[in-house]
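Listed here are the chains, written in short residue letters.
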2 protein chains.
Amino acid sequence: MATKTEIRRQELREKLIVIAERTIAQNGLSALRARDLAAEAGCAVGAIYNVFGDLTDLTLAVNARTFHRLGADVAEALADAPGDPVEQLVVMAQAYHHFAASNHLSWRALFDVERPAGEAAPDWYLAEMGQLFTYISDPLAVIFPDRAADEIALLTRALFSSVHGIVLLGLDEASAGVSTDNIDHMIALVLRQFTASPK
Amino acid sequence: MATKTEIRRQELREKLIVIAERTIAQNGLSALRARDLAAEAGCAVGAIYNVFGDLTDLTLAVNARTFHRLGADVAEALADAPGDPVEQLVVMAQAYHHFAASNHLSWRALFDVERPAGEAAPDWYLAEMGQLFTYISDPLAVIFPDRAADEIALLTRALFSSVHGIVLLGLDEASAGVSTDNIDHMIALVLRQFTASPK
DNA sequence: CCCTATAATTGAACTGCGTTCATTGAAGTG
DNA sequence: CACTTCAATGAACGCAGTTCAATTATAGGG
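Residues numbered from 1 in each chain as written. Chains lettered and ligands numbered in written order. Predicted model: local features only at pLDDT ≥ 70, side-chain atom pairs only at ≥ 80, totals over all residues. Heavy atoms only, no water.

As a further point, take the overall build of chain A. Secondary structure assignment for chain A yields nine helices and zero strands. Shown N-terminal to C-terminal, the secondary structure of chain A runs as helices and strands in the order α-α-α-α-α-α-α-α-α. With respect to the principal axes defined by its C-alpha atoms, chain A has extents near 60 × 45 × 35 Å. Counting every position in chain A, which comprises 199 residues, the buried fraction comes to 50%. Long-range contacts, defined as pairs at least 24 residues apart, comprise 69% of the intrachain contacts of chain A with a sequence gap of at least 6. Total accessible area on chain A is roughly 9800 Å²; 53% of this is exposed by carbon and sulfur atoms. Between the centroid of the 16 positive side chains of chain A and the centroid of its 26 negative side chains there is a distance of 8 Å. (Helix = DSSP H or I, 4+ residues; strand = E, 2+ residues; numbered from the N terminus. Buried < 20%, exposed > 50% of the residue type's maximum accessible area, 1.4 Å probe, protein only. Contact = heavy atoms within 4.5 Å. Areas by Shrake-Rupley, 256 points an atom, 1.4 Å probe, with all protein chains shown as cover. Lys, Arg positive; Asp, Glu negative; His and termini not counted. Charge placed at Lys NZ, Arg CZ, Asp CG, Glu CD.)

This part is about the protein's contact with DNA strand D. Neighbouring residues of DNA strand D: 20 residues in total, closest L32(B), R33(B), A34(B), R35(B) and Y49(B). At 3.4 Å from a base nitrogen of DNA strand D is found a side-chain nitrogen or oxygen belonging to R35(A). A distance of 2.8 Å separates a phosphate oxygen of DNA strand D from a polar atom in the backbone of A34(B). For the surface near DNA strand D, the secondary structure elements donating two or more residues are α1 (3–27) and α3 (45–51) of chain A together with α1 (3–27) and α2 (34–41) of chain B. The element contributing the most residues to the surface near DNA strand D is α3(A), with four residues. Among the residues forming the surface near DNA strand D, the class breakdown is eight nonpolar, four polar and eight charged. (Near = heavy atom within 4 Å. Polar contact = N/O pair within 3.5 Å; in protein donor to acceptor, adjacent residues only side chain to side chain. Nonpolar A, V, L, I, M, F, W, Y, C, P; charged D, E, K, R; others polar.)

A separate point is the relation of the copies chain B and chain A. Superposing chain B onto chain A takes a rotation of 180° combined with a translation of 0.0 Å along the rotation axis, leaving an RMSD of 0.1 Å. The symmetry that links the two subunits is that of a two-fold axis. (Least-squares fit on C-alpha atoms with pLDDT ≥ 70 in both.)

Take the protein's contact with DNA strand C next. Neighbouring DNA strand C are 18 residues; L32(A), R33(A), A34(A), R35(A) and Y49(A) lie closest to it. The sugar-phosphate backbone supplies 64% of the atoms of DNA strand C found within 4 Å of the protein. Taking L32(A), its main chain carries an N or O atom lying 3.0 Å from a phosphate oxygen of DNA strand C. At a separation of 3.1 Å, a phosphate oxygen of DNA strand C approaches a polar side-chain atom of R9(B). Elements with a contribution of two residues or more to the surface near DNA strand C: α2 (34–41) of chain A together with α1 and α3 (45–51) of chain B. Looking at the surface near DNA strand C residue by residue, the class counts come to eight nonpolar, three polar and seven charged.

On to the nonpolar core. Counting 87 residues, the largest nonpolar core has W107(A) and W107(B) as the members making the most contacts within it. Apart from residues lying up to four places away in sequence, W107(B) is in contact with T66(B), Y96(B), F99(B), A100(B), H164(B), V167(B), L168(B) and L171(B). (Core = buried A, V, L, I, M, F, W, Y, C linked by side-chain atoms within 4.5 Å.)

Facing 35 residues of chain B, the contacting portion of chain A comprises 36 residues. Joining chain B to chain A, the criterion identifies two salt bridges. In this structure, R115(B) engages D172(A) in a salt bridge whose closest nitrogen and oxygen atoms are separated by 3.3 Å. Run the count over chain B and chain A and you get four residue pairs in polar contact (both at pLDDT 80 or more). Elements represented by at least two residues in the side of chain B that touches chain A include exactly α8 (149–171) and α9 (180–194) of chain B. In terms of residue count, the dominant contributor to the side of chain B that touches chain A is α8(B) (twelve residues). Per-class residue counts for the side of chain B that touches chain A are 19 nonpolar, ten polar and six charged. (Salt bridge = Lys/Arg side-chain N within 4 Å of Asp/Glu carboxyl O.)

Under the defined criterion, the tally for this structure stands at 16 aromatic pairs over all chains. Centre to centre, the rings of F133(A) and F160(A) are 5.4 Å apart; their planes meet at 55°, and the pair counts as tilted. One end of the pair, F133(A), is in helix α7 (residues 123–143); the other, F160(A), is in helix α8 (residues 149–171), with 27 residues separating them in the sequence. For the pair F144(B) and F194(B), a centre-to-centre distance of 6.4 Å together with 80° between the ring planes defines the contact as edge-to-face. Of the two residues, F144(B) is situated in the loop between α7 (123–143) and α8 and F194(B) in helix α9; the sequence distance between them amounts to 50 residues. (Phe/Tyr/Trp six-rings, centres within 6.5 Å; stacked < 30°, edge-to-face > 60°.)

Here we take up the confidence of the model for chain A. Confidence along chain A averages 93 in pLDDT terms, with 95% of residues attaining 70 or more. Averaged pLDDT values for the elements of chain A fall to 91 in α1(A) and rise to 98 in helix α5 (residues 85–102) of chain A. (pLDDT = per-residue confidence, 0-100.)

All names here are of chain B. With their axes 9 Å apart at the nearest point, α1 and helix α4 (residues 55–80) run at an angle of 75° to one another. It follows that α1 is roughly perpendicular to α4 by the angle criterion. On α4, the residues touching E14, L16, I17, V18, A20, E21 and I24 of α1 are L58, T59, A61, V62 and R65. Considered class by class, the residues forming the contact of α1 with α4 number eight nonpolar, one polar and three charged. (Axes fitted to C-alpha atoms, helices over the stretch in contact; angles between N-to-C directions. Parallel < 35°, antiparallel > 145°, perpendicular 65-115°, else oblique.)

Structure (structure tokens):
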């Protein structure tokens, strides 16, 4: 069997992911170039294509790791959070914000990667997203005990999207003028106000 | 005085914007190619660069029009809306959603255009954005009469960002499974809940 | 009206990119 | 060791945006 080859490929694969991860984190997705990658990894450009279908596949591998780190950060924040479900939501949302701020270019790459139109998202993406959604829907179910599961699901998506929008536009320097503190304020404002008067 | 030349340039400029607008609307920003543009406009590729600095400049010209149409749609919805400020917010947000859904690729181009890092957004962008923000802050000031102007400004930005996030992720087919109706529901849910218990 | 200086237009050529594939070289087998 | 098979290589390809030397048009003065 091809053990020798398999091992070499696995090592190259890992090395490429690490290099790409660093490149994206430091200079953004647009700085990812096949020739630079090959030069730094000490391999031929063609070797990249023995291990990944194309550069988008490599980017997706990096994104899987980024998304996993993001999920871990949110989970850790939740673990350290008080028992109050509203506070749990605020703490998690701010953890999301802080991850995005501290890993801006890597976080952007999650959404900027070229996705073939009409193709489903990869499994790991859906799984990781589902985990995040669970973190949100659990406190929500406590806050709104009378709502049906499908309503909770809609609330969950709405709140996640809202926080994502606040972070996205807040970190976008083009529209400028939003400080980190203000972003945290906006998040807390929306979540507290949203969960204020359960009916 | 270069009248003949000026007129010709102005006509070419207009023609290129119209072609680019249609190309982006039909096939997305990534389908915008200098050679295709020149072929369709009946000019040399170099002529594009006599009239626009580069393709990004042309895209920005298209985006200015898209943003203006968006603003007009929201304004029209507001004009037809009832007097209740909460309903005004809902109607405007849903108008934003419907514009994004009906002009998906043009709307995406507003955010997907390559922006040189650390450079301020163009004036027309800030002006149009300011107008949208005014549409939101006016009803908010009625709903929360006791809040200071800077608090209203933060609320305005928070609500705009939230609605934007809901529309952005809702229209993104990769994360799939959100119908137009559900997006409208989420928008109404967030806005109504947010404005439910002024304290 | 023509001639010339100046300016605008042109499109072939340049650059930089992702990707491919004929060639070269290594690995495994009898 | 010979031979077959499969992997690695990097020069070459295709396709973009952009440039600039050569060409063509414009405008003003004789």
